[in-house]
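# Topology and contacts: notes
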Amino acid sequence: MSGNNASTNEANCLLRHVCKLAGDPTQCTRNCSAWIGLSGASGQGGRIAAANVPKGYRNLTLKDSPAREGQSKIYATFERYSETFGRQFQPDAERIKSFYLWSAQPGTGKTTSASSLLCEYIIAHYVGSLKRGLTPQQRPAYFLSVNALQQTHNRAYAPGSQATKERYGDEIDRELRRAKEAPFLVLDDLGIRAATTSFIGVLYDIIDSRTTDDLPTIYTSNKSLDGLYDLFYDEDPEGKIVDRMRDQCAVVEFGGTSKRGRR
Ligand SMILES: Nc1ncnc2c1ncn2[C@@H]1O[C@H](COP(=O)(O)OP(=O)(O)O)[C@@H](O)[C@H]1O
Ligand SMILES: [Mg+2]
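Everything numeric here is computed off the predicted structure, so don't read it as measured data.

Further remarks concern the pairing of strand S2 (residues 141–145). Within S2, four of the five residues are buried, which leaves the element mostly enclosed by the surrounding structure. Bridging between S2 and strand S3 (residues 184–190) involves five bridges; their strand directions are parallel. Note that in S3 the partner of Leu144 across the bridge is Leu187.

What follows is the structure in structure tokens.
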């Protein structure tokens, strides 16, 4: 049953397009176990919160992504791509691809699209696990802001008390572990600023580990891959990072001008 029934939990729930009970006045409520598993009873927990998606980007599917507008070709590619997410349950299947989303302009829908893909992956994981009688993982996907990671990293190395350094160091270790282990990862906003040798090492560690393990990653950036190579040149003249990223990764350039502040 579908449709926009405001008295149900349909519009809040990521399963709105796939659940047979969506919009059912007696079943599609905040007591639904699938809703609680995905979003927590409060709507602020569950797998979606564990994935660390920024607040404004949490309730997005490909179908209702605002960035779909005017980018039908890119979204047709993403629809086909999301159909490959079922491969996570087929150990012998071809690996799930990675994507590099970029545009020199901000506000073209890169983070929106990456978050929508991440949500689609969680939906595929959650529904696919239940169908197979498996318990869905707590963190099938993870969203990591490269900019935030870089700031934490710089704080861990800046002059300061040992306790502060240790706290930031622990945070970096935790983020690194999550980024390496998540079956599906978004690395948002690569290349906002040049990186130190030590931060290049952190990035390389994540990207190398994921490509070696055949784990899909969605990168977003305001630089082309060649631009990223130039930005990292001083610390990575051999282009090790960009080579690893290019490895079996589809590149999508977002056109147009900024849509920020439109809604
Ligand atoms: N094609 C679009 N049409 C309408 N709004 C859009 C479009 N793309 C993005 N937006 C809106 O613009 C804002 C910025 O999008 P975002 O994905 O954060 O941009 P980027 O990551 O490319 O800088 C968001 O509020 C988003 O909903
Ligand atoms: Mg962005």
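Okay, the domain arrangement of the chain next. Domain boundaries in the chain define domain 1 (1–44) and domain 2 (52–253). Centre-to-centre, using C-alpha coordinates, domain 1 lies 28 Å away from domain 2. In this assembly, seven residues from domain 1 lie in contact with eight residues from domain 2. In the side of domain 1 that touches domain 2, the residues fall into four nonpolar, three polar and no charged.

Another point: the nonpolar core. Counting 56 residues, the largest nonpolar core has Leu118, Ile122 and Leu144 as the members making the most contacts within it. Counting residues per element, this core draws most heavily on helix H4 (residues 110–131), which supplies nine residues. Residue contacts for Ile122: discarding those within four places in its chain leaves Arg47, Ile48, Ala51, Pro140 and Ala141.

Okay, the site of ligand 1 next. For ligand 1, the set of nearby residues contains 17 residues, the closest of which are Gly109, Lys110, Thr111, Thr112 and Lys259. Each residue belonging to the shell around ligand 1 can be placed in one class, and the counts come to three nonpolar, eight polar and six charged.

Cut-offs and rules
- Numbering of residues starts from 1 in each chain and follows the order in which that chain's sequence is written.
- Labels are handed out in written order, letters beginning with A for the chains and numbers beginning with 1 for the ligands.
- Local features in this predicted model are restricted to residues of pLDDT 70 or higher, and side-chain atom pairs are both shown and tallied only at a pLDDT of 80 or more, whereas totals for entire chains, interfaces and linings draw on every residue.
- The burial criterion counts other C-beta atoms lying within 10 Å of a residue's C-beta, which is placed from the backbone; the residue is buried at 20 or more, exposed at 12 or fewer, and partly exposed between these limits.
- The way it works is that DSSP assigns letters per residue, a run of H or I at least four long becomes a helix, a run of E at least two long becomes a strand, and they are numbered from the N terminus.
- What makes two strands pair is DSSP finding at least two bridges between them.
- Bear in mind that the domain bounds are from an automatic or database domain assignment.
- Residues are treated as contacting if the C-beta atoms built from their backbones sit within 7 Å of each other.
- Only Asp, Glu, Lys and Arg are considered charged, only Ala, Val, Leu, Ile, Met, Phe, Trp, Tyr, Cys and Pro nonpolar, and every remaining residue, Gly among them, polar.
- The nonpolar core is taken to be a set of buried Ala, Val, Leu, Ile, Met, Phe, Trp, Tyr and Cys residues joined by way of C-beta atoms within 7 Å.
- As used in this record, a residue near a molecule or strand is one whose C-beta atom, placed from the backbone, is within 6 Å of it.

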